[in-house]
Amino acid sequence: QYLLIGDYPLPSDVTEDYVSTRSLRLTLTRDKRDNYFFPTKGSYNTWSVTYAGGPLGGTSNFVKNTIETRWHVRTFFDFVLVLRGRAGYVSSFDGSFDVPRIERFDVGGAYTVRGYEERKIADGKRTMLLTNIEYMYPLSDELRGVIFYDAGNAWDEVKDVKISELKKGGGLGLRIETPVFPIMLDYGWGFDEGGEIRGLFH
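In this convention, every chain numbers its residues from 1, walking through the sequence in written order. Given that this is a predicted model, residues contribute local features only at a pLDDT of at least 70 and side-chain atom pairs are listed and counted only at 80 or more, while totals for whole chains, interfaces and linings are drawn from all residues. Calculated side-chain values reflect all of the structure's heavy atoms, with hydrogen atoms and water omitted.

(A) Broad picture of the overall build of the chain. A run of H or I in DSSP counts as a helix once it spans at least four residues, and a run of E counts as a strand once it spans at least two, with each numbered from the N terminus. Of regular secondary structure, the chain possesses zero helices and 13 strands. The order of helices and strands in the chain, counted from the N terminus, is β-β-β-β-β-β-β-β-β-β-β-β-β. Buried, partly exposed and exposed residues are distinguished by accessible area as a fraction of the type maximum, computed with a 1.4 Å probe on protein chains only: under 20%, between the cut-offs, and over 50%, respectively. The buried share of the chain, taken over its 202 residues, is 38%. Contact criterion: two residues are considered in contact whenever any of their non-hydrogen atoms come within 4.5 Å of each other. Nonlocal contacts in the chain, meaning residues at least 24 apart in sequence, comprise 50% of its contacts between residues at least 6 apart.

(B) Main features of unusual backbone geometry. Phi is positive for Asp78, close to 70°, though the residue is something other than glycine. Phi angles above zero are rare outside glycine, and Arg119 is one such case at about 65°. The topology assignment puts Arg119 in the loop between β7 (105-107) and β8 (122-125).

(C) Broad picture of the sheet that holds strand β4 (residues 42-52). Note on pairing: two strands pair once DSSP finds at least 2 bridges between them. The nine strands are arranged β3-β4-β5-β6-β9-β10-β11-β12-β13 in an open sheet whose pairing can be described as antiparallel. Of all strands in the sheet, those bounded by a partner on one side alone are β3 (23-31) and β13 (199-201). Ignoring which end each strand starts from, the neighbouring axes of this sheet average 15° apart. In terms of strand pairing, strand β10 (residues 143-155) meets strand β11 (residues 167-176) through 10 bridges, oriented antiparallel. In the sheet register, Tyr149 faces β11, and the bridge partner there is Gly170. Lines fitted to C-alpha atoms define the axes, with helix axes restricted to the stretch in contact, and inter-axis angles between N-to-C directions lie between 0 and 180 degrees.

(D) Representation of the nonpolar core within the structure. By size, the foremost hydrophobic cluster in this structure holds 13 residues, and its most contacted members are Val107, Val113 and Met128. At the level of elements, β7 and β9 (127-138) are the ones that each hand at least two residues to this core. Excluding residues within four positions of it along the chain, Val113 makes contact with Val107, Gly108, Ile121, Leu130, Asp150, Ala151, Gly152, Lys167, Lys168 and Gly169. To qualify as a nonpolar core, a set must consist of buried Ala, Val, Leu, Ile, Met, Phe, Trp, Tyr and Cys residues joined through side-chain atoms within 4.5 Å.

(E) Structural detail: the packing of aromatic side chains. Side-chain rings of Phe, Tyr and Trp, where Trp is taken by its six-membered ring, are said to pair if the distance between their centres is within 6.5 Å; with planes under 30 degrees apart they count as stacked, over 60 as edge-to-face, and otherwise as tilted. Summed over all chains, the structure comprises seven aromatic pairs. Centre to centre, the rings of Tyr187 and Trp189 are 5.0 Å apart; their planes meet at 75°, and the pair counts as edge-to-face. Owing to a relative accessible area of 36%, Tyr187 belongs among the partly exposed residues under this scheme. Each ring is checked for a lysine NZ or an arginine CZ that lies within 6 Å of its centre and within 35 degrees of its normal; such an atom marks a charge sitting over the ring. Looking at Arg144, its charged tip hangs above the ring of Phe38, at a distance of 4.3 Å from the centre.

Following this line, the structure appears as structure tokens:
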């Protein structure tokens, strides 16, 4: 069950505060990278579709599609160029009043466009576009330095998407390999904040 945010007309069998979601998700992935955490070459491509409601029951009826592609290219002096693109779209059907907030897209923050606070660029939208470019160099066996550039945004509908509205950010970071999991430390600047550009640590 998910708490509603917003003023939406509710079906007769839905309480004022909550809706229920029953869904199935199918994910197809092709991973050709040479290393799971710190690849130096190869690609990673995945497509995921979530179907909720209809014969599955619940009060939310929607279909959500997300696609992601990553390409790792080794260049000179052990530098690795990382190109990443992501897109997503979610829509309701069969008279459902809206897509649950948790299933919509947010942009801004550590894992989308760095240099902005979490959800500062877009909050709870139905359509999303993101791109990330990183240039990585191994400083040691466990430490890597990164220069990055991000761009992205989210909109209510596909027809609202405009490449000119992508918000941009960039900065520097470190990748630290530990026995348990990698640690990502980034300091980014949002280039479309307006006025004075201030840095933000992620």
